[in-house]
Amino acid sequence: MIASTMQPGELTIARLVEYSRRTFPETGVTTWTGSELRPISFPELGDRTAQLAHALAKLGIGRGDRVATFMWNNNEHQVAYGAVPSMGAVLHTLNLRLSPEQAVYIIKHADDKVIIVDASIAPMLAQYVKATPNVKHVIVANGPASAFEAPEGITVHSFDELIAGEPTVYDWPEIDERDAAVMCYTSGTTGDPKGVVYSHRSIWLHSMQVCSASGMGLGNKDSVLAIVPMFHVMSWGLPYAAMMAGLTLVMPDRFLQPEPLLAMMAAARPTFAAAVPTIWQGVAAQLKAAPQDISHLREVVVGGAAVPPSMIKQFDEFGAPITHAWGMTETSPLGSVSRPPFGVEDPDQEFAYRVTQGRFPAAVQARLIDDDGNEVAWDGESAGELEVRGPWITGAYYSPDGPVSDPAKFHDGWLRTGDVASISPDGFMTIVDRTKDLIKTGGEWISSVELENTIMSNPVVTEAAVVAVPDEKWDERPFVLAVVADEAQADAAKLREHLAGLVPRWQLPERWAFVTEVPKTSVGKFDKKRIRAEYADAAYDVVDARD
Ligand code: AMP
């Protein structure tokens, strides 16, 4: 054995902040206000990043403390992305689409001390923090501090006033690259949401993959429209990739409807964009109604849910080709990207590759495991549960007492993804099913089990099974198959009304059917495979409860 002569060179977020501020004065981040762009350069971002770190330190934030954000994609969120991990604290990005119970659970579980919130959604947060005594300070960005009505025990600050006058340089602490940098909870699991904690190192390596040609292939000349939220797996790593590549990040803030998105695209003319299929479905419909040239997009990366082949064709026609990618909160998220292999020139063959979820990068190992625990061949046909491992794949979930590696989710050091896939001999993955009992709608999860329990909390419902069914706009929606005490109670609109106060609005099921008994497996569980198949065969008399 001989020792390497290389320097340690810790891969830290502070390094990205300082690198981007010194190297890229010509680029930065720009946020849509609804009518214009609000740009900020990397040097200016660097100044503000240091200022926020000083302000947080004065509020008592130290190494390992959690600072949460409850924010849209915007300049201020980018500042928090730099400041919090660089000072050795942990950035916790709170998902804006959580139910109140989930939000309270997560804020308490992560033990957030400070929350930075956008003024437009401050009233929502004010409701949650009444039940979270751990939160001591709330910082309101993009509006007056008065937008947040503070419950007792919380001090409210204005983002701009808090950082004004603070030094624009911060003596960033020495940090071990394996230390925690950012945490993000996923509701894409059964039971309570689970926390994934990214390290400085994992974020660095992931950013390098995002920028590389087999990832998203991003560089200084790109301007990247990051529609995928900064509260959902770090906006697919784009905020950090931006600091690394010196690319311009174009942020939509809260303007996520197709019309304002297209108005922003006309103004910013991004070269690249990233979002879940639901967003592009809306954009495509709007483009049909009001044609607009979007061919400035040299590439659109779409993932988070399967991309329909028809969408790939449609965007080819718009001159904005889609690249399909797969990932999870647990995988930072970039897991696989579909780039047709060298030498494929036949358009049909190329298209067949583009619809798959793609190839894994060198750092991510993948295998398929069947029901008996055996590895399945990469023959393009045999399917098994996808398991992955690598330096930006989580090996456990966060708990206040230390990481927990539950065997239901981890298998000999591999992450069990809950996705069922096949892989071709040349390494292209196709997802064919899901073992997790969840519904992914518009990029966010609904737990079918929780929804079933809430529906069954209505005394007129004897049994209710909920399964995911395809939906053109939202990719998937919940379908409820219910048994009611007597026929007169089989009123979908009324049952939906009962649910309205109990689950977030976007989770309310539209499709209902009533039967005398829900199909069951041999061990007495709801037979969801059969329910899905029967739904597909139009075996149920489905009522649309919105009518
Ligand atoms: P999340 O952690 O919320 O980002 O969800 C990750 C899950 O979304 C994966 O385990 C898949 O079930 C699903 N998913 C992500 N990307 C794709 C894709 N390209 N095709 C099909 N499903 C996907």
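The following refers to the structure shown. (Residues numbered from 1 in each chain as written. Predicted model: local features only at pLDDT ≥ 70, side-chain atom pairs only at ≥ 80, totals over all residues. Heavy atoms only, no water.)

### Observations concerning the overall build of the chain
At step 1: Broken down by element type, the chain carries 16 helices and 26 strands.
At step 2: In terms of overall dimensions, the chain is globule-like: its C-alpha atoms have a radius of gyration of 24 Å, near the 24 Å expected for 547 residues.
At step 3: Out of the 547 residues belonging to the chain, those deemed buried represent 57%.
At step 4: Within the chain, residue pairs in contact and separated by at least 24 positions form 66% of the contacts whose partners lie at least 6 positions apart.
At step 5: Here the chain has roughly 22,900 Å² of accessible surface; of this, 51% comes from carbon and sulfur atoms.
At step 6: Here the chain contributes 45 positive and 70 negative side-chain charges, whose respective centroids are spaced 3 Å apart. (Helix = DSSP H or I, 4+ residues; strand = E, 2+ residues; numbered from the N terminus. Rg over C-alpha atoms; globule rule 2.2 N^0.38 Å. Buried < 20%, exposed > 50% of the residue type's maximum accessible area, 1.4 Å probe, protein only. Contact = heavy atoms within 4.5 Å. Areas by Shrake-Rupley, 256 points an atom, 1.4 Å probe, with all protein chains shown as cover. Lys, Arg positive; Asp, Glu negative; His and termini not counted. Charge placed at Lys NZ, Arg CZ, Asp CG, Glu CD.)

### A word on the environment of S4
At step 1: In this fold, S4 is placed in the segment before helix 1 (13-23).
At step 2: At 3.0 Å, the side chain of S4 and the backbone nitrogen of M6 are in polar contact. (Polar contact = N/O pair within 3.5 Å; in protein donor to acceptor, adjacent residues only side chain to side chain.)

### Describing the nonpolar core
At step 1: With 115 residues, the main nonpolar core has L238, Y240 and W280 as its most contacted residues.
At step 2: Of all hydrophobic cores here, the second largest spans 30 residues; its members include W72, A122, V140 and Y185. (Core = buried A, V, L, I, M, F, W, Y, C linked by side-chain atoms within 4.5 Å.)

### Details of the sheet that holds strand 13 (residues 299-302)
At step 1: Taken in spatial order, the 8 strands of this open sheet run 2-1-11-10-12-13-14-15, and their pairing is mixed. Edge positions in the sheet fall to strand 2 (37-41) and strand 15 (334-337), since each of these pairs with one other strand and no more. Neighbouring strand axes in the sheet, compared pairwise and without regard to direction, differ in orientation by 25 degrees on average.
At step 2: Summarising the sheet, strand 10 (residues 223-226) and strand 12 (residues 272-275) pair through 3 bridges and their orientation is parallel. In the strand pairing of strand 12, L225 is matched with A273.
At step 3: Helix 9 (residues 238-245) rests against strand 10, strand 11 (248-251) and strand 12 of the sheet, and its axis sits at about 150 degrees to strand 11. (Pairing = 2+ DSSP bridges. Axes fitted to C-alpha atoms, helices over the stretch in contact; angles between N-to-C directions.)

### Notes on a negative patch on the surface
At step 1: Together, E10, D171, E174 and D176 make up a region of like negative charge exposed at the surface.
At step 2: Structurally, D171 is set in the loop between helix 6 (159-163) and strand 8 (180-186).
At step 3: Taking relative accessible area as the criterion, D171 reaches 73% and is therefore assigned exposed. (Patch = residues over 30% accessible without salt bridge, like charges linked within 9 Å, V, L, I, M, F, W, Y side chains within 5 Å. Salt bridge = Lys/Arg side-chain N within 4 Å of Asp/Glu carboxyl O.)

### Thoughts on helix 15 (residues 492-500)
At step 1: Among all positions of helix 15, only A492, L495, R496 and L499 are buried. In a view along the axis of helix 15, the buried residues occupy a sector of 100 degrees, so they form one face of it. Counted as exposed and oriented over 90 degrees from the buried face of helix 15: K494 and E497.
At step 2: Against helix 14 (448-456), strand 23 (461-471), strand 24 (475-484), strand 25 (511-514) and strand 26 (543-544) lie the buried residues of helix 15.
At step 3: For helix 15, the N-terminal capping position is held by D491, with its side-chain oxygen 3.2 Å away from the main-chain nitrogen of A493. (Arc of directions from axis to C-beta.)

### Quick word on the sheet that holds strand 3 (residues 66-70)
At step 1: Spatially, 7-6-5-3-4-8-9 is the arrangement adopted by the 7 strands of the open sheet, whose pairing is mixed. Unpaired on one side and paired on the other, strand 7 (155-158) and strand 9 (194-199) mark the two borders of the sheet. Going from strand to strand, the sheet's axes swing by 25 degrees on average, the running direction of each strand aside.
At step 2: Inspection of the sheet shows strand 6 (residues 137-141) paired to strand 7 by 4 bridges, in the parallel sense. If you follow H137 over to strand 7, its bridge partner there is T155.

### A short note on the site of the ligand
At step 1: By nearness alone, 18 residues border the ligand, and A325, T329, D419, K436 and W445 come closest of all.
At step 2: Here H324 contributes a side-chain N or O atom positioned 2.9 Å from a nitrogen atom of the ligand.
At step 3: Contact between the ligand and K440: an oxygen atom at 2.9 Å from a side-chain N or O atom of the residue.
At step 4: Across the complex, the protein chains shield 95% of the 500 Å² of accessible surface that the ligand would expose by itself.
At step 5: Of all the secondary-structure elements, those providing two or more residues to the shell around the ligand are strand 14 (322-327) and strand 20 (429-434).
At step 6: The element that contributes the greatest number of residues to the shell around the ligand is strand 14, accounting for 4 residues.
At step 7: Classifying every residue of the shell around the ligand by side-chain character gives 7 nonpolar, 7 polar and 4 charged. (Near = heavy atom within 4 Å. Nonpolar A, V, L, I, M, F, W, Y, C, P; charged D, E, K, R; others polar.)

### Quick notes on the side chain of R434
At step 1: Looking at the element boundaries, R434 is found in strand 20.
At step 2: Within the local environment of R434, its side chain forms a polar contact with the backbone oxygen of L438, the two atoms lying 3.1 Å apart.
At step 3: Here the side chain of R434 touches E476 through a polar contact of 3.1 Å, side chain to side chain.
At step 4: Once residues lying within four places of it in the same chain are set aside, the contact partners of R434 are G418, D419, V420, I439, K440, W445 and E476.

### Re the state of the cysteines
At step 1: All told, the structure shown has 0 disulfides when counted by the stated rule.
At step 2: Cysteine C211 shares no disulfide, and the gap to the nearest cysteine sulfur, in C184, comes to 20 Å. (Disulfide = S-S within 2.5 Å.)

### Side note on the side chain of T12
At step 1: Position of T12 among the secondary structure elements: in the segment before helix 1.
At step 2: Not counting residues within four places of it along the chain, the set of residues in contact with T12 comprises I175, H200 and W204.

### A few points about the packing of helix 1 against helix 9
At step 1: In the contact formed by helix 1 and helix 9, the axes pass within 8 Å of each other and the chain directions differ by 50 degrees. Between helix 1 and helix 9, the interaxial angle falls into the category oblique. Here helix 1 and helix 9 pass one another in a crossing that is left-handed. Residues I13, L16, V17, Y19 and S20 of helix 1 pack against Y240, M243 and M244 of helix 9.
At step 2: Classifying every residue of the contact of helix 1 with helix 9 by side-chain character gives 7 nonpolar, 1 polar and no charged. (Parallel < 35°, antiparallel > 145°, perpendicular 65-115°, else oblique. Left-handed = near helix turned anticlockwise from the far one by under 90°.)

### Digging into the packing of aromatic side chains
At step 1: Counting across every chain of the model gives 12 aromatic pairs.
At step 2: Clustering of aromatic rings is evident, with ring pairs tying together Y19, F24 and F42.
At step 3: Across the ring face of F351, the terminal group of K313 is positioned such that the distance to the ring centre comes to 4.6 Å. (Phe/Tyr/Trp six-rings, centres within 6.5 Å; stacked < 30°, edge-to-face > 60°. Lys NZ or Arg CZ within 6 Å of the ring centre and 35° of its normal.)

### Points about unusual backbone geometry
At step 1: In this structure, the amide linkage connecting S332 to the following residue, P333, adopts the cis form with an omega of 10 degrees.
At step 2: Take P333: it is sitting in the loop between strand 14 and strand 15.
At step 3: Even without glycine at this site, S332 takes up a positive phi of about 80 degrees.
At step 4: Assignment of secondary structure puts S332 in the loop between strand 14 and strand 15.
At step 5: Judged by relative accessible area, S332 falls into the buried class, the value being 1%.
At step 6: Non-glycine residue A538 carries a positive phi angle of around 60 degrees.

None of the figures reported here should be taken as evidence of function without further support.
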